[in-house]
Amino acid sequence: MKDTQNPPGNFGLPIIGETFSFVLDPYNFVNKRYRQHGSIFKTNILGRPTVVMVGPEAIEFLLSSHMEYFSWREGWPQNFKKLLGKSLFLQDGEEHRRNRRLIMPALHGPALTNYITTMAEITHHYLKKWEKKQEFTWFQEFKQLTFDIASQLLLGTNSGSENSRLSQLFTQLTNGLFAINPIPLPFTTLGKAIAARDQILEHLAEVVKERQQHPTKDAISLLVQAKDEDGNSLSETELIAQAVLLLFAGHETTTSMLTWLCVELARHPEILQRAREEQLQLVNKGALNLEQLGQMPYLEQILCEVERLHPPVGGGFRGVVKEFEFNGFHVPVGWQVLYSIFVTHSLEEIYPNPERFDPDRFSPQRQEHKQYPFSLIGFGGGPRICIGIAFAKMEMKIVAAHLLRSYHWEILPHQSLDPVRIPTNHPKDGLRVCFQPL
Ligand code: HEM
């Protein structure tokens, strides 16, 4: 292994490396270098020597076949550790396995079925609000909607002014994740994010105490009662850390996908019409329920295409804990790895005309993502695939089904829909629309 060379690429300037170019435009940063060097190349970003890995083969190596070579905790930038604490996202090995098993039931199976009514009720409340408003910025609205759903189902707290305060605190926390200035003064992005985190922790400490005394049906109550193989439950500090993560991961990403879904449906009236027809056939069979949610193949194709073309999360970080070789290149312990979701989803050899929005790529006849495993990775993949995937997909289907059945919207002029990819992918001006009942 020692005879092999490091991957091609450039470390850039001393200390800051190529961080600025990466943060300014992560997609073009990775895409340009991928075209030059191929599926593994080196750079230096966020203070560390880094290899970037692109394409199904590289992603399978990282997420599945050689995942024991990589650590999540050692990978995600320092700010993640400061802001997301000791949560599942930043755990490895036995500790991660135990906690994932404890959290899993709150986001799958019967618990999920119980969430349908609440998701539909909160969606309905927002639809009525939007009917009245007629013109608004959808990204902000979806943030509140998905936050209300997450806090009600995960924490058991009802919507209201406390929720909009918390939702704003989460926005500040998210902004801090990729802040370049590492100095946590009160006026820096990181400083504000830490202050927001402290207020969130304070609030969650109260919620957790309350649920420990009076468990209800939300995810935190399930977690309070969950026990591992040895009969141990999560401590109060662990519960709070996992709650911060679930709330954070559970709404920013879904907001991003819902916003892009509405952009693409407005841009493609023929696709919207086909999706509407699918819904209108289901309306005759009664209210939206679990069975109906399983009968929307075209909407599922559309959601896969939104996931492909507009993945909310552009990639994932890991730390190398065991030296490895990929495609003949050697990567030492201590380096950072970034796997690119964006660029993998735009590979011409998997997805012809990759820039085109074409839900039929995922039709039973074409199935472009099935040619190679790990081609569609908007939720990650392998044993540590997103734990909220079923929750998010159900929520997005419920919101989309309601919109398609009863509403029409147009994109207002004089705005930029250029993608801004960090911290989560969204159109620059947030998608201002004119919204009406059909
Ligand atoms: C459209 C919505 C969502 C997208 C696109 C998304 C995306 C992702 C991705 C890409 C990863 C893997 C990151 C990596 O490999 O480095 C991940 C992990 C994770 N997601 Fe999601 N996510 C979504 C919704 C949710 C929801 C609703 C929740 C919780 C309620 C959630 C909780 C998590 C957690 C806890 C992990 C870490 C899992 C582990 O390490 O075992 N996500 N998500």
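Now for a quick tour of the structure. Treat the numbers as computed from the prediction; the structure is a model and nothing was measured.

1. Focus on the sheet that holds strand 8 (residues 336-340)
In step 1: With mixed pairing, the five strands of this open sheet are ordered in space as 1-2-8-5-3. Two strands close off the open sheet at either side, each with one partner strand: strand 1 (40-45) and strand 3 (70-71).
In step 2: Bridge analysis of strand 1 against strand 2 (residues 48-53) gives six bridges, and the strand direction is antiparallel. The partner of Ile40 across the bridge, within strand 2, is Met53.
In step 3: Lying over the sheet, helix 2 (residues 26-37) contacts strand 1, strand 2 and strand 8, oriented at roughly 140 degrees with respect to strand 1.
In step 4: Sheet strands touched by helix 3 (residues 56-65): strand 2, strand 3, strand 5 (315-320) and strand 8. Its angle to strand 8, the strand with the most contacts, is close to 125 degrees.

2. Focus: the coordination of the iron atom of the ligand
In step 1: Counting protein donors around the iron atom of the ligand gives one, Cys386 (SG), at 2.3 Å.
In step 2: Take Cys386: it is sitting in the loop between helix 15 (341-345) and helix 16 (389-406).

3. Section: the side chain of Gln415
In step 1: Assignment of secondary structure puts Gln415 in the loop between strand 9 (407-411) and strand 10 (419-420).
In step 2: Engagement of the side chain of Gln415 in a polar contact is seen with the backbone oxygen of Leu412, the distance being 2.8 Å.
In step 3: Engagement of the side chain of Gln415 in a polar contact is seen with the backbone oxygen of Arg432, the distance being 2.8 Å.
In step 4: Those residues within four positions of Gln415 in sequence are excluded, and the remaining contacts are Asp429, Leu431 and Arg432.

4. Let's talk about helix 14 (residues 297-309)
In step 1: Its 13 residues give helix 14 an end-to-end C-alpha distance of 19 Å, which sits within 8% of 18 Å, the value for a rise of 1.5 Å per residue.
In step 2: Taken together, the buried positions of helix 14 are Tyr298, Leu299, Gln301, Ile302, Leu303, Cys304, Glu305, Val306, Glu307 and Arg308.
In step 3: Residues of helix 14 that are buried sit in contact with helix 11 (236-267), helix 12 (269-283), helix 15 and helix 16.

5. Quick word on the site of the ligand
In step 1: Neighbouring the ligand are 30 residues, the closest being His96, Arg100, Arg318, Tyr339 and Cys386.
In step 2: At a separation of 2.9 Å, an oxygen atom of the ligand approaches a polar side-chain atom of Arg318.
In step 3: Here Arg384 contributes a side-chain N or O atom positioned 2.9 Å from an oxygen atom of the ligand.
In step 4: Of all the elements in the fold, those that place two or more residues in the shell around the ligand are helix 5 (93-103), helix 11, strand 5 and helix 16.
In step 5: Along the lines of polarity and charge, the residues of the shell around the ligand split into 19 nonpolar, eight polar and three charged.

6. Quick notes on the packing of helix 11 against helix 12
In step 1: Across the interface, helix 11 lies against helix 12 with an axial gap of 5 Å and an inter-helix angle of 110 degrees. On the basis of their axis angle, the class for helix 11 and helix 12 is roughly perpendicular. Residues Leu265, Ala266 and Arg267 of helix 11 form the contact with helix 12, whose participating residues are Pro269, Ile271 and Leu272.
In step 2: Classifying every residue of the contact of helix 11 with helix 12 gives five nonpolar, no polar and one charged.

7. Quick look at the packing of aromatic side chains
Each pair of aromatic rings is reported with the distance of its centres and the angle of its planes.
In step 1: In total, this model carries 28 aromatic pairs according to the counting rule given.
In step 2: Relative to Phe29, the ring of Phe22 lies with its centre 5.6 Å away and its plane at 80 degrees, an arrangement referred to as edge-to-face. The same class applies to Phe22 and to Phe29, which are both buried.
In step 3: Pairwise contacts between aromatic rings join Tyr126, Trp130, Phe136, Trp138, Phe142, Tyr407, Trp409 and Phe435 into one cluster.
In step 4: Directly above the ring of Phe11 sits Lys42, whose terminal nitrogen or CZ lies 5.6 Å from the centroid.
In step 5: The side chain of Arg318 reaches across the aromatic face of Trp72, ending 3.9 Å from its centre.

8. Looking at the pattern of salt bridges
In step 1: Tallied over the full model, the rule gives 23 salt bridges.
In step 2: In this structure, Glu131 and Lys128 form a salt bridge, with 3.1 Å as the shortest nitrogen-oxygen distance. Here Glu131 and its partner Lys128 are both found in helix 6 (residues 109-133), three residues apart, which amounts to about one turn of the helix.
In step 3: A relative accessible area of 37% means that Lys128 is categorised as partly exposed.
In step 4: One network of salt bridges, in which partners are shared, links Glu305, Arg308, Asp358, Arg361, Arg366 and Glu368.

9. Notes on the nonpolar core
In step 1: Counting residues in hydrophobic clusters, the biggest one holds 119 residues, and the most contacted among them are Trp130, Trp138 and Leu403.
In step 2: The element that contributes the greatest number of residues to this core is helix 11, accounting for 15 residues.
In step 3: When near neighbours in sequence (up to four residues on either side) are disregarded, Trp130 contacts Phe136, Trp138, Glu141, Phe142, Leu145, Leu403 and Phe435.
In step 4: In this structure, Ile40, Met53, Ala58 and Phe70 belong to the second largest nonpolar core, which totals 21 residues.

Reading the values: rules and limits
Residues numbered from 1 in each chain as written. Predicted model: local features only at pLDDT ≥ 70, side-chain atom pairs only at ≥ 80, totals over all residues. Heavy atoms only, no water. Pairing = 2+ DSSP bridges. Helix = DSSP H or I, 4+ residues; strand = E, 2+ residues; numbered from the N terminus. Contact = heavy atoms within 4.5 Å. Axes fitted to C-alpha atoms, helices over the stretch in contact; angles between N-to-C directions. Donors = N, O, S within 2.8 Å, 3.2 Å for Na, K, Ca; no water. Polar contact = N/O pair within 3.5 Å; in protein donor to acceptor, adjacent residues only side chain to side chain. Expected span 1.5 Å × (residues − 1). Buried < 20%, exposed > 50% of the residue type's maximum accessible area, 1.4 Å probe, protein only. Near = heavy atom within 4 Å. Nonpolar A, V, L, I, M, F, W, Y, C, P; charged D, E, K, R; others polar. Parallel < 35°, antiparallel > 145°, perpendicular 65-115°, else oblique. Phe/Tyr/Trp six-rings, centres within 6.5 Å; stacked < 30°, edge-to-face > 60°. Lys NZ or Arg CZ within 6 Å of the ring centre and 35° of its normal. Salt bridge = Lys/Arg side-chain N within 4 Å of Asp/Glu carboxyl O. Core = buried A, V, L, I, M, F, W, Y, C linked by side-chain atoms within 4.5 Å.

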